[in-house]
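Fold and contact review
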Amino acid sequence: MAKPTAIQYVCTSCGAHFLRWAGQCADCGEWNTLSETSVVARRDRGAATLIGGRAVPISSVEFHADTIIPTGIKEFDRVLGKGIVAGSVILLGGEPGIGKSTICLQIAARVALAHRVLYVTGEESLNQVRLRSDRLGTLSDQLYVSSETDMLGILNTIDEIKPDLVILDSIQVVAHPEIPSVSGTVNQVRFCASELIKKLKIMGAAGIVVGHITKDGALAGPKVLEHLVDVILYFEGESGFHYRLLRSFKNRYSGTREIGVFEMQEEGLVEVANPSGLFIDETTLKNPGSMVVPVAEGSRIFLVEVQALVVDTGYGMGRRTILGVDTNRANLLIAAVEKIVGLKLSSKDVILNIVGGYKTSEPALDLGVVLAMFSSAQDLPISGRIGVLGEVGLTGEIRPVPQFERRLMELEKLGFDGCIVPQRNITGVVSGKVALVPVESVQDALRRLVSINS
Ligand SMILES: Nc1ncnc2c1ncn2[C@@H]1O[C@H](COP(=O)(O)OP(=O)(O)OP(=O)(O)O)[C@@H](O)[C@H]1O
Ligand SMILES: [Mg+2]
C-alpha cells in the first residue's frame, strides 16, 4: 500500500480542496461538508491518457456508427437518446429501495442478448442476485455476475471477462486497497470511479454505476464524480406509489428533457408507454384546491394534478410544505398571490403537492399552482373537467407557453372540456373540442374561475 503523504480536506458538495478543516466550505458555502482525505503520491497516474495524447485532425479520427447499444427497454433508451453509447459511463442515482438494482439487472439481461455483460454487486450476495434474476426472468449465459467490493478485484474481473457493458452496484460500497480510507469516503469514491472509467474508456466498454443519494436528494460523493461520468440519471418515485420516473440530469450525447416511466410489478419494472393520465386522481379533481395542468416533458405531454391546501396556521408564521413543485417558483407564486390578489398568506400554512410523486419546474404549471391555492383558500372547486395553463410573471401577467396545441390535444384525449389559457397563446383560430378560456392576468384568471362556478 502506498504511504499517504499529506492530509487534505475535500468538500463533498463542490469538490474544493483545503489544507485545514473548517465548518463551512469557503467555495460553495455549505456547512459540515469538509471531509478528511489522504493524498497519495502516485507519479505514474498523473499524466494518464486514453489514446496516447497525440493530436490528430478530427477528420482522421476513426469512428463506428454502431457504437450505440440499444437496451431494448424503450423508456430507458428514450431517456438516453437512442441507447447506451459504447465507452460511455452512466451514473444512476436514486433513493433506497426505488428499484436501481432491479432496472440494472433487467438492462443487463436485455443487453446480454447480443453482448457480453458483467454485473458486479457489492451490496448483495450471488444467491440474492440469482433469486432476483429468477423472479425477473433475466437468466442468461452472456450475463456474468460477481459479488465483490475490492476495486482491484473488479478491475481484474473486467480484464478477464472483457465485457461490453459493466454494471457496478454501487460505487459507495467498493474500496481500492491503495487508498487508506473506508468505502464511501470522498477519496475512495473518486478514486474507484476514475479507475473504472479509465479502464472502460480504454476497452471501449460502457458502464453503469449505481450511486446512493443523500437525504437532500443529491448524489452522495464528491461533485467531481458528476463531471467524470457522461450521463447522470435519477430514479424517482413515491413510496406507496407504483410508478417510477427516470430522468436525465446530464447527457453528453443527447438532450435531457425526456423522461421514462415504469411501473414496479412482481416481475420487475414494466414500461408505461402511454403515461399522460397517471398523475391525476379522477376522484379528487372536483375538490377545492385541485387543478390539472398539461405539462410538457420532452416529446410527451403529461397531465398532472397539482393540489394545494391553504389553512390558518397554528403557529405565528405560516409554514410552507412544497412537494413536486419547484420551491423557488412556489415561493415566487405565493408572494405574487399575496401582493396581486391581496390574499393574506403569511398567517396561513401553504401545502403544495403533485399527485403521484411527480416533480417538475415547468413554468406552464404556475397558473395551476396559483388557482389551486386560491381554490383551497376560498373553498372554491373548479366545476367540470377544466385544465389550467400559463406562466405567471412577477406583476401578475400570464405569459404564453410553448407546445400549446399539443397540450390541448392531450386534454381532449383524456376527456377535458375546457382550459384556462394565456390570451397571448391564441394567435389564430384554434380548432379542437376543448373550450378555451383566455386570460391576461392572475386577477383575470381568478374572475374566470369564480364565473365558471357561478
Ligand atoms: N417479490 C417482489 N415483488 C414485487 N416487488 C418487489 C419484490 N421484491 C422487491 N420488490 C420491489 O423492489 C424494490 C427494491 O428494488 P431494488 O432492490 O432494485 O432497489 P434499490 O434501489 O436497488 O435499493 P437499494 O438502494 O437498497 O439497493 C422494493 O422496494 C419493492 O418495491
Ligand atoms: Mg440495490
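Residues numbered from 1 in each chain as written. Chains lettered and ligands numbered in written order. Predicted model: local features only at pLDDT ≥ 70, side-chain atom pairs only at ≥ 80, totals over all residues. Heavy atoms only, no water.

1. Considerations on helix α10 (residues 442–453)
With 12 residues, α10 extends 17 Å between its outermost C-alpha atoms, agreeing within 8% with the 16 Å of an ideal straight helix rising 1.5 Å per residue. Those residues of α10 not exposed but buried are Val442, Asp444, Ala445, Leu446 and Leu449. At its buried positions, α10 is contacted by β15 (290–297), α7 (327–341), α8 (366–377), β20 (391–392), β21 (398–399) and β23 (435–439). (Helix = DSSP H or I, 4+ residues; strand = E, 2+ residues; numbered from the N terminus. Expected span 1.5 Å × (residues − 1). Buried < 20%, exposed > 50% of the residue type's maximum accessible area, 1.4 Å probe, protein only. Contact = heavy atoms within 4.5 Å.)

2. Some remarks on the site of ligand 1
In the region of ligand 1, 14 residues are neighbours, and Gly97, Lys100, Ser101, Thr102 and Arg132 sit closest. Within the side chain of Thr102, one N or O atom sits 2.5 Å away from an oxygen atom of ligand 1. One nitrogen or oxygen atom from the side chain of Arg135 is found 3.2 Å from a nitrogen atom belonging to ligand 1. Considering ligand 1 on its own, with 650 Å² of exposed area, one finds that the protein chains cover 65% of that surface. (Near = heavy atom within 4 Å. Polar contact = N/O pair within 3.5 Å; in protein donor to acceptor, adjacent residues only side chain to side chain. Areas by Shrake-Rupley, 256 points an atom, 1.4 Å probe, with all protein chains shown as cover.)

3. With respect to a nonpolar patch on the surface
Where nonpolar side chains cluster on the molecular surface, the patch consists of Val56, Ile58 and Val61 and spans about 290 Å² of accessible area. If you trace the backbone, Val56 turns up in the loop between β3 (34–40) and β4 (68–69). (Patch = residues over 30% accessible without salt bridge, like charges linked within 9 Å, V, L, I, M, F, W, Y side chains within 5 Å. Salt bridge = Lys/Arg side-chain N within 4 Å of Asp/Glu carboxyl O.)

4. Some thoughts on the environment of Val111
Topologically, Val111 is positioned in helix α2 (residues 100–111). For Val111, a relative accessible area of 2% puts it in the buried group. Setting aside residues no more than four positions away along its own chain, Val111 makes contact with Ile69, Thr71, Val117 and Leu165.

5. Structural notes on the environment of Leu446
Tracing the chain through its elements places Leu446 in helix α10. It is 9.0 Å that separates the C-alpha atoms of Leu446 and Ser375, two residues lying 71 residues apart in sequence. Residues within four places of Leu446 in sequence aside, it is in contact with Val341, Leu371 and Phe374.

6. Describing the environment of Val272
Relative to the helices and strands, Val272 is located in the loop between β14 (268–271) and β15. For Val272 and Phe241, which are 31 residues apart along the polypeptide, the C-alpha to C-alpha distance reads 14 Å.

7. Some details on the side chain of Glu391
The residue Glu391 is located in strand β20 in this model. If sequence neighbours within four positions are ignored, Glu391 has contacts with Arg329, Pro363, Ala364, Asp366, Glu397, Ile398, Arg399, Pro400 and Val401.

8. Overview of the side chain of Lys100
Tracing the chain through its elements places Lys100 in helix α2. One buried charged side chain, Lys100, makes no salt bridge at all; its nearest oppositely charged neighbour is Glu123, positioned 6.5 Å away. Within polar-contact distance, the side chain of Lys100 engages the backbone oxygen of Gly94 at 3.2 Å. (Lys, Arg positive; Asp, Glu negative; His and termini not counted.)

9. With respect to empty space enclosed by the protein
Tallied over the entire structure, the rule returns 1 cavity of 30 Å³ or more. Lining the largest cavity are Val325, Asp326, Arg329, Thr360, Ser361, Glu362, Leu365, Asp366 and Val369. By residue class, the composition of the lining of the largest cavity is 3 nonpolar, 2 polar and 4 charged. (1 Å grid on protein atoms, 1.4 Å probe; cavity = no way out; pocket = protein on both sides within 12 Å on 5 of 7 lines; lining within 4 Å. Points joined across faces, edges and corners; volume = space filled by probe spheres on them. Nonpolar A, V, L, I, M, F, W, Y, C, P; charged D, E, K, R; others polar.)

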